[in-house]
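Results of the structural survey
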Amino acid sequence: MSKPRRSMSQQTATTSTTTTDDEEDHHHLDESVAAGDLGSSKGAQAPTSTSSFSAVQSLKLGPNPASWSYFAILTLFRFVLRVFYANVVVEGSENLPPDGVPCILCSNHSNSLTDALLLVTTVPRSKRHHLRLTAKDTQFGRGTFTSWLIESAGTLPIKRPKDHVGQKIDNSVVFAKLIESLEEGDIVCIFPEGLSRYHPEIAALRQGVSRIVSDVVSRQRSNPNFELAIQTCSITYLHRNLFRSDVLVTFHPPIKVTAAEYPGLIGTPETPADYAAVRDLTSKMGREIRAGTLDAPSWDFIRTANTARRLYAPLGTKLGLGDHVRLTQRFVDAFAGKRAVKGWSEGTDAKLALKTPMVDPKEGSDYFAALQNASSPESSNGQEVNVMREGSKGPHSAAELDLLAKDLKTYQDLLFLHGVKDDRVRNPRMLLRRTLLKRLLVRFAGAAFLLLLSLPGLVLWTPIFAVAKIQSEKQKRTGPVFDTYDEVAQTKLVYGLITGIGVYLLSVLLTWPIAPLTMVGVPVLMWITLRWLEDFTSSLRAALALFRLLHLGKHQLLLLREMRESLRVRVEEVAVRDCGLPRDSDVYLVSRGRWRGLHAGFFSLNRRRKKDWNEVLKLWDISEYPANDYPEEDATGTVPKVAGGATN
């Protein structure tokens, strides 16, 4: 593949190390805990709200500090997120420590305020009654809905040097409250990347979390029973800013820190904590977060891996969202030069193969020797290394993978040009013109019927869609892609919510004589309409694809099928020899049962309505990404400020 702006050697360093520009006194947390960024509105900075720090100083932390506003926000946004995202799949919630266990929740940060809302709404109440958040102080006292939202949730403001250039930064009061909160058994959420990002590669983690852990454990070093849990979490958006897309939230087993197990973190006023121990803990957190999400040097890698995954496990290979993400990431790692440390063998659960570690052999070294070195508990979880060979074949060379990536790009470009999906090319029945015409008629008829059913409710949805669209487009124009796209979902959620409340209240007022009926009927009608719109979009999308196949012609479709089969064989070899996966995905990755939730009613929240995790409420398959995913740097390595014009 073409070289990304950030080289693979840099990516490898990011995976195992952290930033090194804060190797200062252990107690200087101001800069390193700038990672406590919850929002990340990167527009014009509002002045720091002095009242927000006064509120912190007077804050009384108890065992259950949640206010009524916190629970109101929790309930409201659980509903809003359930409407905006079609599926929010949560894995590993049983790993969360219960109330009373000091815990820091750390996650990747790619979707601004939406990340925090997702965590607040997916942490089970049976485990934790309140999630204490942190945010940069410039989000406070701005008089906006977002500002009120952050303040009402009991969020703690943190000053960042980049927001207060030339000023003395003092976060001592806030950090004291954080430490006090942890010592009393609270759970605190911090995003250790330090800022929200658009590009698909997870940033090097700041060391603020590890330093806070060091401070807390040092204060409790005389208590042999004190244990602090670092709960790592991975959030994966398939299309973070698109209506009715899907989200995966994975809670990993917590890192349990005690003074006995991590003596290097213990510090005193005379002897600071061991800096190497702080770095090692931060690196461990980074490895766990990266293990559960998509992490790629550029969007080109994501696009190529998605195409490879479709060829290896086509539509009908019913993977859950977690396995869908892990399979895609294995192809990302393979094209980035990594290799699985253990191959798949007959009788082994293929789902476990998706979790086998992949290593990055050093350039010029012997790959199989690298595999032997990867057998340490840290790199392969203590598994015995099984050298992957298909007969006498070893892993692919970098040149072979680059060539395959280019061919996959060409194939995906052709699919995009003709407006068809890979599954249509794969299906031999699509070669029969009679079949195409019959299906086309059925799909258009179904789409027309569903549209008629949706019209009354669509009147209510139209202003919500319009306002969210206008405001999100305005947000995109405030700066380049890398600086604005991570806030699009937040903008849609906030403006969609405000407009939705306005539509609801206006509907009740206009029908005041029957207001009790309207209060219940309007939300029900809007939910039913949303279900009909999903099926309408699916039917019309299929009809348009069938029409394009008719226009394409049998000869061109045959050429695409030949190209696809050639690529499928090569992708299968990569899956076996590089990714450690079984050759026959249809046999080992398919779920024999029906989709979970298929037995639920038509309008049920739990009824899955998609055949493909990639589908959203649009009339085409989403396979392209904005190209400007990294800021351009000048000769000094400085990122210049861009005044306008996002690349769409």
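Heads up: the structure comes first, above all this text.
Below or above, wherever it landed, is the structure these notes cover. (Residues numbered from 1 in each chain as written. Predicted model: local features only at pLDDT ≥ 70, side-chain atom pairs only at ≥ 80, totals over all residues. Heavy atoms only, no water.)

We now examine the side chain of Arg-197. Mapped onto the fold, Arg-197 is located in the loop between β5 (187-190) and α7 (208-219). Here Glu-193 takes part through its side chain, which lies 2.5 Å from a polar atom of the side chain of Arg-197. Setting aside its immediate chain neighbours within four residues, Arg-197 contacts Asn-108, His-109, Ser-110, Ile-202, Ala-203, Arg-240 and Asp-486. (Helix = DSSP H or I, 4+ residues; strand = E, 2+ residues; numbered from the N terminus. Polar contact = N/O pair within 3.5 Å; in protein donor to acceptor, adjacent residues only side chain to side chain. Contact = heavy atoms within 4.5 Å.)

This part covers the packing of aromatic side chains. For the structure on display, the rule yields nine aromatic pairs. Here Phe-243 and Trp-461 contribute two aromatic rings whose centre-to-centre distance is 6.3 Å and whose plane-to-plane angle is 50°, an arrangement assigned as tilted. Of this pair, Phe-243 sits in the loop between β6 (228-237) and β7 (246-251) while Trp-461 sits in helix α16 (residues 433-476), placing them 218 residues apart in sequence. Accessibility expressed as a relative area gives 8% for Trp-461, which makes it buried. Taken together, a centroid distance of 5.6 Å and an interplanar angle of 65° make the contact between Phe-243 and Phe-465 edge-to-face. One end of the pair, Phe-243, is in the loop between β6 and β7; the other, Phe-465, is in helix α16, and 222 residues separate them in sequence. Here the aromatic residues Phe-84, Tyr-85, Tyr-237, Phe-243, Trp-461 and Phe-465 are joined through ring pairs into a cluster of three or more. (Phe/Tyr/Trp six-rings, centres within 6.5 Å; stacked < 30°, edge-to-face > 60°. Buried < 20%, exposed > 50% of the residue type's maximum accessible area, 1.4 Å probe, protein only.)

Moving on to a nonpolar patch on the surface. Together, Leu-451, Leu-452 and Leu-455 make up an exposed nonpolar region whose accessible area comes to about 260 Å². Tracing the backbone through its elements, the reader meets Leu-451 in helix α16. (Patch = residues over 30% accessible without salt bridge, like charges linked within 9 Å, V, L, I, M, F, W, Y side chains within 5 Å. Areas by Shrake-Rupley, 256 points an atom, 1.4 Å probe, with all protein chains shown as cover. Salt bridge = Lys/Arg side-chain N within 4 Å of Asp/Glu carboxyl O.)

Our next topic: the packing of helix α6 (residues 172-183) against α7. The geometry of α6 relative to α7 is characterised by a closest axis approach of 10 Å and an angle of 60° between their N-to-C directions. In terms of their interaxial angle, α6 and α7 are classed as oblique. As for how α6 packs across α7, the hand of that crossing is right-handed. Of the residues in α7, those touching α6 at Leu-178, Ile-179, Leu-182 and Glu-183 are Ile-212, Asp-215, Val-216 and Arg-219. Residues that form the contact of α6 with α7 fall into these classes: five nonpolar, no polar and three charged. (Axes fitted to C-alpha atoms, helices over the stretch in contact; angles between N-to-C directions. Parallel < 35°, antiparallel > 145°, perpendicular 65-115°, else oblique. Left-handed = near helix turned anticlockwise from the far one by under 90°. Nonpolar A, V, L, I, M, F, W, Y, C, P; charged D, E, K, R; others polar.)

Attention shifts here to the pairing of strand β2 (residues 103-107). The element β2 is largely enclosed, with a buried count of five among its five residues. Alternating positions in β2 separate into two faces, Cys-103, Leu-105 and Ser-107 on one and Ile-104 and Cys-106 on the other, with burial throughout. In this structure, β2 lies alongside β5, joined through four bridges in parallel fashion. Paired with Cys-103 across the bridge in β5 is Ile-187. (Pairing = 2+ DSSP bridges.)

With that out of the way, let us pick up the side chain of Lys-421. Within the secondary structure layout, Lys-421 lies in the loop between α14 (398-418) and α15 (422-426). Within the structure, the side chain of Lys-421 is placed 3.2 Å from the side chain of Asp-612, a separation counted as a polar contact. Lys-421 has contacts with Leu-415, Asp-612, Glu-615 and Asp-621, leaving out every residue within four places of it along the chain.

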